Amino acid sequence: MALRDSTPLNPWRRSRDRQRWTERAIELLLLLAALSSIATLLGILYVLVGESLQFFQQVSLWEFITGTRWTPLFGDPKYGIWPLLSGTLTTTFVALLIAIPFGTAIAIYSSEFAPATVREILKPLLELLAGVPSVVYGYFALLVVTPLLQQVLPWLPGFNMISAGAVMGLAIIPLVSSISEDAMQAVPNTLREGSYAMGATKLQTALKVVFPSAISGIMSAYILGTSRALGETMIVTIAAGLQPTLTFNPFEQAATITAYIVQVSMGDLPHGTLQYQTIFAAGLTLVLLTLVLNIIGHLLTKRYRERY
Amino acid sequence: MLAAKFSDLITPQLGHQLHQRKLLNLGFMVMGLVAIMVALFTLAALIIHMAMSGWPRLSTWEFFTAFASRRPERAGILAAWVGSLLVISVTAIVAVPIGVAAGIYLEEYARKNWLSELIEINVTNLAGVPSIIYGLLALGVFVYEFKFGRSVLTAGCTLALLILPIVIVTTRESLRSIPQMIREAAYAVGATQWQVIWHHVLPYSIGGILTGTIIGLSRAIGETSSLITIGALTFIAFLPESPFQGKPPFVSWEWLNSPFTVMPIQMFNWVSRPNPEFQVNAAAAGTVLMTMTLLMNGFAIYLRYRLRQGIKW
């Protein structure tokens, strides 16, 4: 043994040394790959904050967060974010009005009522619904849902937030339902059995035992759904209109933050101009909005988390 | 004797209440089913409506072999589907190795410390960042800092960043489902950590990783907004140079620097035109796009189903 280790040319030891180095090198490479996610986040912050800082050197922050007109591309430019915010918030609200009731009902049904076979079929079908490209949903909102609504409400404009929001709601139902269902499935069966033993029906068990126990997970499903709706782009760009309008009336047309970014990007604005920087300021607003939402969600989940 | 006493307990009032509860129970069950049916029926209606509106264009072969045109009846999706194919290839080549490597690091190597925790939180957060923000990132970094231009390369890298969290998360889930005894058996015969992963853990988990990757790529194929942000063109009447050449060195990388368009952007362009004949084209392009994503998703779901059936530890 001693002889083997002290011989520098021993092939066994050399290969072991090489192996050790390879192991180290591989681990380092894998770490670098994992660090790419941090680099992505830093890149996002660098681009958004960097360009926004240049933007806010020329436009006062106060005008940006209190202004009620958004006309950066006009001769008399105004940089108030509220018209874009109102469009974003209104379409999101309409989407949640559809996605939360439907998503929750589907989750409760498939977690608490459906037999295992039905659940096995249902999950992939809902996944397909989630896999539909958003531009296809946009087509659906503009060319199918809006004409249908116009038959009932003849005064509805061709671009409106109600159909864009409703279709967006449809698009995020699978997200809400699958996360809520996972949360309910994680509730231990002993809780359900205790409830049944007291003579409760399935519905009573679902609503009064399982739902409250899973509330933290369900809450985060709602939050994720909301941030998806805030950031959704193509449906609102196609169907909700491109005119920034300060309105919370879903039957009107209005541009969202995302629709504005798309509209400007298609116009091919020169790099470094103030107009070019507006899309980064708008993007930063969107990121801050989802960030605040995620923090609220985090606090809520912490507050309501049940320990089994 | 006992039975008689028990039924005495159920007063008419209680009986009525029980009946009501059962009715409510049934009512809710029906409501859940209806909610599901509404969602799925809408999906079906959408697909059928789109396929039927687009049929006049889909039924002609020229739709797949013609470039975009100002005349709707002559416009086709050649540049778009070739572009989609090229962009998705770049995305897969970039996202899969990095994503799988990151997943392996987080699951097999990372010690419980602040760095691994930071990366973990970060991956979760990135999954929630709106895709258009990735477009802004790519515009600032890939287009203007790295000078990749508004090219296939930029688009592929952008979508790779977008689906990286999906690949990482599914890789981790897949690795986690491999029982510890597999690793221990390999260590017991003297394998190093990487040998254990490369020869034993990865082969077992490749199916799960593949499923996640396909789902990620199907999302990338339908992604529109971030590619508009980096400046994808909507009107292209040429193809990028072919990667395969007739004369040595037989391979060309010129296509990476080529301007591009992709299926969803072509569709968006047609949807947003007021001329109803272009909307027929939009429906046709949408049907092709839907078919692509449905096939990919369906394949992934089938794969997962087969895997779950096949492996019994």
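Residues numbered from 1 in each chain as written. Chains lettered and ligands numbered in written order. Predicted model: local features only at pLDDT ≥ 70, side-chain atom pairs only at ≥ 80, totals over all residues. Heavy atoms only, no water.

A. The overall build of chain B, seen in detail. Counting its secondary structure elements, chain B contains 12 helices and zero strands. Listed N to C, the secondary structure of chain B is α-α-α-α-α-α-α-α-α-α-α-α in terms of helices and strands. Relative to its length of 313 residues, chain B is extended, with a C-alpha radius of gyration of 26 Å against a globular reference of 20 Å. Principal axes of the C-alpha set define a box for chain B whose edges measure 95 × 65 × 35 Å. Expressed as a percentage of the 313 residues in chain B, the buried residues total 50%. In chain B, once contacts between residues fewer than 6 apart in sequence are set aside, the share between residues at least 24 apart is 75%. In chain B, 21 side chains carry a positive charge and 14 a negative one; their mean positions are 5 Å apart. (Helix = DSSP H or I, 4+ residues; strand = E, 2+ residues; numbered from the N terminus. Rg over C-alpha atoms; globule rule 2.2 N^0.38 Å. Buried < 20%, exposed > 50% of the residue type's maximum accessible area, 1.4 Å probe, protein only. Contact = heavy atoms within 4.5 Å. Lys, Arg positive; Asp, Glu negative; His and termini not counted. Charge placed at Lys NZ, Arg CZ, Asp CG, Glu CD.)

B. Structural context of unusual backbone geometry. Phi at Lys147(B) is positive, roughly 60 degrees, even though this residue is not glycine. With respect to the helices and strands, Lys147(B) occurs in the loop between helix H6 (131-145) and helix H7 (152-176).

C. Fine view of the interface of chain A and chain B. With 66 residues of chain A in contact, the opposing surface of chain B contributes 73 residues. A combined buried area of about 6,500 Å² lies between chain A and chain B, and 78% of that area is made up of carbon and sulfur atoms. When the buried surface of chain A facing chain B is broken down by residue, Leu30(A), Tyr109(A) and Tyr139(A) rank first, second and third, together holding 10% of it. Where chain A packs against chain B, one counts two salt bridges. Inspection of the chain A/chain B interface yields six residue pairs in polar contact (both at pLDDT 80 or more). For the side of chain A that touches chain B, the secondary structure elements donating two or more residues are helix H2 (11-58), helix H4 (82-113), helix H5 (116-131), helix H6 (134-152), helix H9 (202-213), helix H11 (234-239), helix H12 (257-266) and helix H13 (274-304) of chain A. Per-element tally for the side of chain A that touches chain B: the top contributor is H2(A), with 19 residues. Partitioned by chemical class, the residues of the side of chain A that touches chain B number 45 nonpolar, 15 polar and six charged. (Buried area = accessible area lost by both parts, 1.4 Å probe. Salt bridge = Lys/Arg side-chain N within 4 Å of Asp/Glu carboxyl O. Polar contact = N/O pair within 3.5 Å; in protein donor to acceptor, adjacent residues only side chain to side chain. Nonpolar A, V, L, I, M, F, W, Y, C, P; charged D, E, K, R; others polar.)

D. The arrangement of the packing of H4(A) against helix H10 (residues 215-231) of chain A in detail. All names here are of chain A. Taken N-terminus to C-terminus, the directions of H4 and H10 make an angle of 145 degrees; their axes are 9 Å apart at the nearest point. Both H4 and H10 take part in a crossing whose hand is right-handed. Contacts between H4 and H10 involve Thr-88, Leu-89, Thr-92, Ala-95, Leu-96, Ile-100 and Thr-104 on the former and, on the latter, Tyr-222, Gly-225, Thr-226, Ala-229 and Leu-230. Along the lines of polarity and charge, the residues of the contact of H4 with H10 split into seven nonpolar, five polar and no charged. (Axes fitted to C-alpha atoms, helices over the stretch in contact; angles between N-to-C directions. Left-handed = near helix turned anticlockwise from the far one by under 90°.)

E. Up close: the packing of aromatic side chains. Throughout the structure, instances matching the rule amount to 16 aromatic pairs over all chains. Seen in terms of ring centroids, Tyr105(B) and Tyr109(B) are 6.3 Å apart; in terms of plane orientation they differ by 5 degrees. Their pairing is stacked. Of this pair, Tyr105(B) and Tyr109(B) both sit in helix H4 (residues 78-109), separated by four residues, roughly a single helical turn. For the pair formed by Tyr105(B) and Tyr109(B), the shared burial category is buried. On the basis of an interplanar angle of 45 degrees and a centroid distance of 5.9 Å, the ring pair of Phe142(B) and Phe146(B) is categorised as tilted. In this structure Phe146(B) comes out as partly exposed when scored by relative accessible area, which is 47%. Among the aromatic residues, ring-to-ring pairing joins Phe55(A), Phe56(A), Phe64(A), Trp70(A), Tyr79(A) and Tyr260(A) into one connected group. The aromatic ring of Phe278(B) is capped on one face by Arg273(B), whose charged end is 4.2 Å from the ring centroid. (Phe/Tyr/Trp six-rings, centres within 6.5 Å; stacked < 30°, edge-to-face > 60°. Lys NZ or Arg CZ within 6 Å of the ring centre and 35° of its normal.)

F. Molecular detail of the domain arrangement of chain B. Residue and element names in this part refer to chain B. Considered domain by domain, chain B is made up of domain 1 (15-58) and domain 2 (62-310). Using only C-alpha atoms to locate each centre, domain 1 and domain 2 end up separated by 33 Å. Between domain 1 and domain 2, the residue contacts involve eight residues of the former and 16 residues of the latter. Of all residues in domain 1, Met-50, Arg-57 and Leu-58 bury the most surface against domain 2, accounting for 71% of the area lost on that side. At the boundary of domain 1 and domain 2, one finds zero salt bridges. (Domains from an automatic or database assignment.)

G. Region of interest: helix H2 (residues 12-58) of chain B. If you check H2(B), its first and last C-alpha atoms are 66 Å apart, about what 47 residues at 1.5 Å a residue would give, namely 69 Å. Where H2(B) bends most, the angle comes to about 35 degrees, and this point is Met52(B), followed within four residues by the proline Pro56(B). (Expected span 1.5 Å × (residues − 1). Bend = angle between axes of the 7 residues up to and from the residue.)

H. Looking closely at the environment of Tyr46(A). Along the polypeptide, Tyr46(A) turns up in helix H2. With 74 residues separating them along the chain, Tyr46(A) and Glu120(A) place their C-alpha atoms 44 Å apart. Beyond its immediate sequence surroundings of up to four residues, Tyr46(A) is in contact with Glu51(A) and Glu145(B).

I. Quick look at the confidence of the model for chain A. Taken over all residues, the pLDDT of chain A has a mean of 87, while the share at 70 or more is 94%. Across chain A, the element-wise mean pLDDT spans from 50 in helix H1 (residues 2-6) of chain A up to 93 in H4(A). (pLDDT = per-residue confidence, 0-100.)

J. Here's a closer look at the pattern of salt bridges. For the coordinates displayed, the defined rule picks out eight salt bridges over all chains. The salt bridge partner of Arg111(B) is Glu27(A), with a shortest N-O separation of 3.5 Å. Here the residue Arg111(B) occupies a position in the loop between H4 and helix H5 (114-128), and Glu27(A) occupies one in helix H2, the pair thus bridging two chains. According to the relative accessible area criterion, Arg111(B) is exposed, its value standing at 52%. Residue classification places Glu27(A) among the buried positions, given a relative accessible area of 15%. With its nearest N and O atoms 3.3 Å apart, the salt bridge here joins Asp182(A) to Lys123(A). Taken together, the residues span a long stretch of sequence, with Asp182(A) in helix H7 (residues 161-185) and Lys123(A) in helix H5 at a distance of 59 residues. Overall, the relative accessible area of 42% leaves Asp182(A) in the partly exposed class.

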